[in-house]
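Examination of the molecular architecture
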Amino acid sequence: MLNITMIGCGAIGVGVLELLESDPQLCVDAVIVPEESQGLVRQRLAGLRKPPQVLSELPAGSRPDLLVECAGHRAIEQHVLPALAQGIPCLVVSVGALSEPGLVERLEAAAEFGGTRIELLPGAIGGIDALSAAKVGGLESVRYTGRKPARAWLGTPGETVCDLEHLAEAQVIFEGSAREAARLYPKNANVAATLSLAGLGLDRTQVRLIADPLSCENVHQVEASGAFGGFELTLRGKPLAANPKTSALTVYSVVRALGNHAHVISI
């Protein structure tokens, strides 16, 4: 059995825990959340057959088989970097955090020091294997278009571009590099950052973000071309009911990655 500690227990974390209950080879022993959130988290987990411990940090000397980050960008600095340095392998959902200058290098250094590795999860997007393979042969251009319901952009700079609450038709709220998209829209940066790391980097990956009042899905479109030829991918993801900024596929991506570590066949 694989023993797992999870950082964060919001909409993604709860969804993962519910799905893992049916897998006897995977066990989340503990979740790490801030002290002020622990009461609410315990309530969320009360319906599970075997709720994990709720902690504020990884106990000294604790060595789970895997540490899984589902908490957001700050958790990488606070929890993932120290765990890597201790030799604990880590899976990261909040890939958008890696757009912060120098963070990729710090993660690499911590993993090398600890003799372990960090795995970046594709989350809401597909085609990462094809994109990274295309990079080997010569990738020339990558363009990502993210379309979400208008209300999913509330609390972002999109509010200064248009009236999201009363938008009548689709509106482009951002167009530029993946690096700039990650800076302005950090909570929506994971897909663009993942594509960038797999492909041409943050400065050469082009991003367009769209607020669409008529959409009830998170639509991700990727166009790539190079020596390999070209491909176009459109993925229509249903948003999590508990968090419309996040695609439900992100939860399934975490469960799939954990299964690949625990099961004898992986794909």
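Residues numbered from 1 in each chain as written. Predicted model: local features only at pLDDT ≥ 70, side-chain atom pairs only at ≥ 80, totals over all residues. Heavy atoms only, no water.

1. Comments concerning the overall build of the protein
Within the protein, the regular secondary structure consists of nine helices and 13 strands. Against the globule reference of 18 Å for 267 residues, the protein gives a C-alpha radius of gyration of 19 Å, in line with a compact fold. Expressed as lengths along the three principal axes of its C-alpha atoms, the size of the protein is roughly 50 × 45 × 35 Å. For the protein, buried positions account for 49% of its 267 residues. Residue pairs at least 24 apart in sequence account for 70% of intrachain contacts in the protein once pairs closer than 6 positions are excluded. Between the mean site of the 22 positive side-chain charges and the mean site of the 28 negative ones, the protein shows a separation of 2 Å. (Helix = DSSP H or I, 4+ residues; strand = E, 2+ residues; numbered from the N terminus. Rg over C-alpha atoms; globule rule 2.2 N^0.38 Å. Buried < 20%, exposed > 50% of the residue type's maximum accessible area, 1.4 Å probe, protein only. Contact = heavy atoms within 4.5 Å. Lys, Arg positive; Asp, Glu negative; His and termini not counted. Charge placed at Lys NZ, Arg CZ, Asp CG, Glu CD.)

2. Remarks on the UniProt feature "binding site: NAD(+)" (unreviewed entry) in the protein
UniProt marks Ala124 and Asn190 with the feature "binding site: NAD(+)" (unreviewed entry), using the numbering shown here. These annotated residues cover 67 residues of sequence, and their C-alpha atoms all fall within 8.4 Å of one another, placing them together at a single site. Those annotated residues lining the largest pocket are, specifically, Ala124 and Asn190. Turning to its location among the elements, Ala124 is positioned in the loop between β6 (118-120) and α5 (128-137). Classification of Ala124 as buried rests on a relative accessible area of 8%. Mapping Asn190 onto the fold places it in helix α8 (residues 190-198). Not counting the four nearest positions on each side in its chain, Asn190 is found in contact with His73, Val93, Ser94, Val95 and Gly96. At 3.2 Å, the side chain of Asn190 and the backbone nitrogen of Val95 are in polar contact. (UniProt positions renumbered as here; feature names shortened; annotations may be inferred. 1 Å grid on protein atoms, 1.4 Å probe; cavity = no way out; pocket = protein on both sides within 12 Å on 5 of 7 lines; lining within 4 Å. Polar contact = N/O pair within 3.5 Å; in protein donor to acceptor, adjacent residues only side chain to side chain.)

3. Here's the deal with the sheet that holds strand β2 (residues 26-32)
Spatially, β3-β2-β1-β4-β5-β6 is the arrangement adopted by the six strands of the open sheet, whose pairing is parallel. Looking at strand neighbours, the two that pair on one side only are β3 (53-55) and β6, the edges of this open sheet. Taking the axes of each pair of neighbouring strands and ignoring which way they run, one obtains an average angle of 25 degrees across the sheet. (Pairing = 2+ DSSP bridges. Axes fitted to C-alpha atoms, helices over the stretch in contact; angles between N-to-C directions.)

4. Concerning the packing of helix α1 (residues 11-20) against helix α9 (residues 248-262)
For the pair α1 and α9, interaxial distance at closest approach is 9 Å and the crossing angle is 50 degrees. With respect to their mutual orientation, α1 and α9 come out oblique. When you trace α1 past α9, the crossing you get is right-handed. Between α1 and α9, the residues in contact are Ile12, Gly15, Val16, Leu19 and Leu20 and Thr250, Val251, Tyr252, Val254, Val255 and Leu258, respectively. In terms of residue class, the contact of α1 with α9 is built from nine nonpolar, two polar and no charged. (Parallel < 35°, antiparallel > 145°, perpendicular 65-115°, else oblique. Left-handed = near helix turned anticlockwise from the far one by under 90°. Nonpolar A, V, L, I, M, F, W, Y, C, P; charged D, E, K, R; others polar.)

5. Looking at the state of the cysteines
With the rule as written, the count across this model stands at zero disulfides. Cys9 supplies the cysteine sulfur nearest to Cys70, a cysteine that is in no disulfide, at a spacing of 8.8 Å. No disulfide involves Cys216; its sulfur sits 19 Å from that of Cys162, the nearest cysteine. Look at Cys216 and you get exposed, because its relative accessible area is 54%. (Disulfide = S-S within 2.5 Å.)

6. Some thoughts on the domain arrangement of the protein
Here the domain parsing of the protein yields domain 1 (2-123 + 248-261) and domain 2 (128-237). Between the C-alpha centres of domain 1 and domain 2 there is a distance of 25 Å. Surface buried jointly by domain 1 and domain 2 totals about 800 Å² across both partners, of which 68% is contributed by carbon and sulfur atoms. When residues of domain 1 are sorted by the area they lose upon contact with domain 2, Val95, Ser99 and Pro122 head the list and together hold 45% of the total. At the surface where domain 1 touches domain 2, the tally comes to three residue pairs in polar contact (both at pLDDT 80 or more). (Domains from an automatic or database assignment. Buried area = accessible area lost by both parts, 1.4 Å probe.)

7. Section: the pairing of strand β10 (residues 218-226)
Pairing of strand β7 (residues 139-149) with β10 involves eight bridges; the strand directions are antiparallel. Within the sheet, the bridge partner assigned to Gly146 lies in β10 and is His220. Where β10 lies against strand β11 (residues 229-237), nine bridges are found, and the strand directions are antiparallel. Directly across from Gln221, in β11, lies its bridge partner Thr234.

8. Some remarks on the pairing of strand β9 (residues 205-212)
The buried fraction of β9 is high, at six of eight residues. Relative to β9, β7 runs parallel, the two sharing eight bridges. Looking across to β9, one finds that Tyr144 is bridged to Val207. Of the strand pairs in this sheet, strand β8 (residues 171-177) and β9 are connected by six bridges, and their pairing is antiparallel. Following the sheet pairing, Phe174 is matched in β9 by Leu209.

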